Amino acid sequence: MSNLDRFKNTIAQTSDTPVGLEIDYAEGVYIFTVNGEKYVDFISGIAVSSLGHRHPKVIQAIQEQLNKHLHVMVYGEFIQKPQLEFAELLIAQLPENLNQVYFVNSGTEANEGALKLAKKATGRTKLIGFKNSYHGDTHGSLSVTGREMYRDPYLPLLPGVYFLEFNSFEQLDLINEETAAVILEPIQGEGGIIPSESEWLAEIRTRCDETGALLIYDEIQSGFGRTGKLFAFEHYHIAPDILCVAKAMAGGMPMGAFISSKKIFEAFMYNPPLNHVTTFGGHPVSCAAALANLKELLSGNYLANASFIEEEVKEFLTGPGITEVRGKGAMLGLQLENRELTQKVVEDCFEQGVLLGWTLHSNTLIRLAPPLIIEKKQLTDALHIIKESIQKHYGA
Ligand code: PMP
């Protein structure tokens, strides 16, 4: 039996057409297969490998932690140095009200925790989400994900969730005194790389302040430098009450977090105590990796490189077949004219060693999210391949 057949046989499948690359190793911007092929990872494992694969500082931190201890206790009981140091460094980068961190294992779990925290801290249950959003696949996150196609098979989900139009001023009065939280991505990722508009976001912030609803930002995809700032909300100068992060946080290790104020987090301590716990959240190896990852992000010119990537891509990828390139930094979406062209370009680039992908809610948008370590020549070589492929298949 081929390894592809074994894979299809034993690993629960979520796609009828898995990419099926058989990985040997990955280093920097490249992924190498067991057949000796080399791919430029132009999607960073879906916005994870921002410092590239196996960044030496991250690897070193992981190795050092491995020699000390792995799991020792469930979340929130023991003092573990990598957890503490990482939390302190992270908080130091954030607005004053975001001063405590709750560590979890993934993006969706961060959103789950944030939603529970908002309900407990406000004593309310109503939730506001946005159309075309994506917040994860567990029940709570799915309940606020703005795509019926994904929600419908799992109904009933959480009650009291209302979906508003992203970037629209209509129906904002639905954010009222019954609302526990408004959850949004400052730049929608799976919905098609759609940045929020400053005035709209400011209005949402105002509505939340007026009504006591908590504003949750899901920066699971946009966080940790991807957009050219450490967090996308810095482009807008509008802070949330709860910030959810994951993906690029720990340099390729699994990790997530939701961050809020000490005051809001008090809601988790009482009635009953221990009302939100996790076994592996804040795993010391993930925290050690995350600390090294954040130190490196802050010391290098990675954020500037994200902005450079945006400029290069927007300048270069124009012409027939291309409707738009949108997004910020290295969180970009290449909007093509139709589905067929999009599919052909993704396939063609794959054959030429450039790994691209779709976003979940769109079939005419190519996700461009290279690692922030990508060098100019690596970037332009990949962009040439993409552009030539569009030219070849457009109208063909
Ligand atoms: N929120 C956003 C904005 C995401 O992009 C994702 C993952 N694509 C998630 C939540 C869910 O994260 P995870 O897959 O780690 O659960």
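Cut-offs and rules
- Counting starts from 1 at the beginning of each chain's written sequence and moves along it residue by residue.
- Local features are withheld for residues below a pLDDT of 70 in this predicted model, meaning they are given only at 70 or higher, and side-chain atom pairs are given and counted only at 80 or more; totals for whole chains, interfaces and linings count all residues.
- Hydrogens and waters are ignored; side-chain quantities use all the structure's heavy atoms.
- Only DSSP runs of H or I covering at least 4 residues are called helices, and only runs of E covering at least 2 are called strands; the numbering of each starts at the N terminus.
- C-alpha atoms define the radius of gyration, and 2.2 Å times the number of residues to the power 0.38 defines the globule rule.
- Contacts are assigned to residue pairs with any non-hydrogen atoms lying within 4.5 Å of each other.
- For the area figures, the Shrake-Rupley method with a 1.4 Å probe applies, and any residue is considered shielded solely by the protein chains shown.
- Charge convention: Lys and Arg are scored as positive, Asp and Glu as negative, and His as well as the terminal groups of each chain are ignored.
- For the purpose of locating charges, the reference atoms are NZ of Lys, CZ of Arg, CG of Asp and CD of Glu.
- Two strands pair if DSSP finds at least two bridges between them.
- The axes are straight lines fitted to the C-alpha atoms, using for helices just the contacting stretch, and the angles between their N-to-C directions are given from 0 to 180°.
- An automatic or database domain assignment supplies the residue ranges for each domain.
- Two parts placed together each lose some accessible area; with a 1.4 Å probe, that loss summed over both constitutes the buried area.
- A pairing counts as a salt bridge when a side-chain nitrogen of Lys or Arg comes within 4 Å of a carboxyl oxygen of Asp or Glu.
- Two N or O atoms count as a polar contact when they lie within 3.5 Å, although within protein this holds only if one can serve as hydrogen donor and the other as acceptor, and sequence-adjacent residues are included solely when both atoms are side-chain atoms.
- We place a 1 Å grid over just the protein atoms. Points where a 1.4 Å probe fits but has no way out form a cavity, open points with protein on both sides within 12 Å along at least 5 of 7 lines form a pocket, and any residue with an atom within 4 Å of a point lines it.
- Grid points are joined across faces, edges and corners, and a volume is the space filled by probe spheres set on the points.
- Residue classes follow a fixed rule: Ala, Val, Leu, Ile, Met, Phe, Trp, Tyr, Cys and Pro count as nonpolar, while Asp, Glu, Lys and Arg count as charged, and any other residue, Gly among them, counts as polar.
- When two rings of Phe, Tyr or Trp (its six-membered ring) have centres within 6.5 Å they constitute a pair, described as stacked for plane angles under 30 degrees, edge-to-face for angles over 60, and tilted for the intermediate range.
- Buried means the residue's accessible area, taken with a 1.4 Å probe over protein chains only, is under 20% of the maximum for its type, while exposed means over 50%, and partly exposed covers the values in between.
- If a single non-hydrogen atom of a residue is within 4 Å of a molecule or strand, that residue counts as near it.

**Some remarks on the overall build of the protein chain**
- When helices and strands are counted, the protein chain shows 13 helices and 17 strands.
- For 396 residues, the compact-globule estimate of 2.2 N^0.38 gives 21 Å, and the protein chain sits close to it at 21 Å.
- Overall, the C-alpha framework of the protein chain stretches about 60 × 55 × 45 Å when taken along its three principal axes.
- Nonlocal contacts in the protein chain, meaning residues at least 24 apart in sequence, comprise 72% of its contacts between residues at least 6 apart.
- When the accessible area of the protein chain is evaluated, it comes to approximately 17,900 Å², of which 52% is carbon and sulfur surface.
- Averaging the coordinates of the 33 positive side-chain charges in the protein chain and doing the same for the 48 negative ones gives two points 3 Å apart.

**With respect to the sheet that holds strand 17 (residues 362-368)**
- Read across the sheet, four strands follow the order 13-14-17-16 without closing on themselves; strand pairing throughout is antiparallel. Two strands in the sheet have a free side with no partner beyond their single neighbour: strand 13 (322-328) and strand 16 (357-359). Taking each pair of neighbouring strands and ignoring which way they run, the sheet shows an average axis angle of 40 degrees.
- Bridge count for strand 13 against strand 14 (residues 331-336) is six bridges, and the pairing is antiparallel. Across the sheet, residue Val-325 finds its bridge partner in strand 14, namely Leu-334.
- Contacting strand 13, strand 14 and strand 17, helix 11 (residues 302-316) runs over the sheet at an angle of about 170 degrees to strand 13.

**What to know about the domain arrangement of the protein chain**
- Taken domain by domain, the protein chain holds domain 1 (3-54 + 301-393) and domain 2 (57-299).
- If you average the C-alpha positions of domain 1 and of domain 2, the two centres end up 26 Å apart.
- Taken together, the contacts link 30 residues of domain 1 with 33 residues of domain 2.
- Carbon and sulfur atoms supply 62% of the area buried between domain 1 and domain 2, which totals about 2,700 Å² over both sides.
- Considering only the side of domain 1, the residues that lose the most area to domain 2 are Lys-328, Met-331 and His-361, jointly responsible for 30% of the buried surface there.
- Counting every contact that joins domain 1 to domain 2 gives one salt bridge.
- With a closest N to O distance of 2.9 Å, Arg-367 and Glu-190 form a salt bridge.
- Counting the contacts that link domain 1 with domain 2 gives 14 residue pairs in polar contact (both at pLDDT 80 or more).
- For the side of domain 1 that touches domain 2, the secondary structure elements donating two or more residues are helix 2 (44-47), helix 11, strand 13, strand 14 and strand 17.

**Quick look at empty space enclosed by the protein**
- In the structure shown here, the tally under the stated rule is one cavity of 30 Å³ or more.
- Reported here for the largest cavity is a volume of approximately 50 Å³.
- What lines the largest cavity is His-71, Met-73, Val-74, Tyr-75, Gln-80, Gln-83, Thr-279, Phe-280, Gly-281, Gly-282, His-283 and Pro-284.
- Its residues assigned to classes, the lining of the largest cavity comprises five nonpolar, seven polar and no charged.

**Details of the packing of aromatic side chains**
- Overall, the coordinates contain 17 aromatic pairs when judged by the stated rule.
- Summarising the aromatic geometry, the rings of Tyr-75 and Tyr-102 are spaced 4.2 Å apart at their centres and angled 25 degrees between planes, so their arrangement reads as stacked. Placement of Tyr-75 in the loop between helix 3 (56-66) and helix 4 (81-92) and of Tyr-102 in strand 4 (residues 100-104) is noted, with a sequence separation of 27 residues between them. Each member of the pair, Tyr-75 together with Tyr-102, is buried.
- The structure contains a cluster of three or more aromatic residues connected by ring pairs, namely Tyr-75, Tyr-102, Phe-258, Phe-265 and Phe-268.

**Comments concerning the side chain of Ser-141**
- Summarising the element assignment, Ser-141 is placed in helix 6 (residues 139-143).
- Note on Ser-141: relative accessible area 0%, which makes it buried.
- Apart from the residues within four sequence positions on either side, Ser-141 is in contact with Thr-108, Asn-111, Glu-112, Leu-115, His-135 and Gly-136.

**Points about the site of the ligand**
- The full set close to the ligand counts 13 residues, and Gly-107, Thr-108, Asp-218, Gln-221 and Lys-247 are the nearest of them.
- In this structure, Thr-108 approaches the ligand through a main-chain N or O atom, which is 2.8 Å from an oxygen atom.
- Contact distances for the ligand include 2.8 Å between an oxygen atom and a side-chain N or O atom of Gln-221.
- Calculation on the ligand without its partners gives an accessible area of 390 Å², and the protein chains cover 82% of this total.
- When grouped by side-chain class, the residues that make up the shell around the ligand number two nonpolar, seven polar and four charged.

**Description of unusual backbone geometry**
- With an omega of 0 degrees, the peptide bond running from Leu-155 to Pro-156 counts as cis.
- As for its placement among the helices and strands, Pro-156 is situated in the loop between helix 7 (148-151) and strand 6 (161-164).
- A cis amide bond links Asn-271 with the next residue in sequence, Pro-272, at an omega value of -10 degrees.
- Looking at the element boundaries, Pro-272 is found in the loop between helix 9 (262-265) and helix 10 (284-299).
- One non-glycine residue with positive phi stands out, namely Lys-247, at about 40 degrees.
- Take Lys-247: its relative accessible area is 25%, and that puts it in the partly exposed class.

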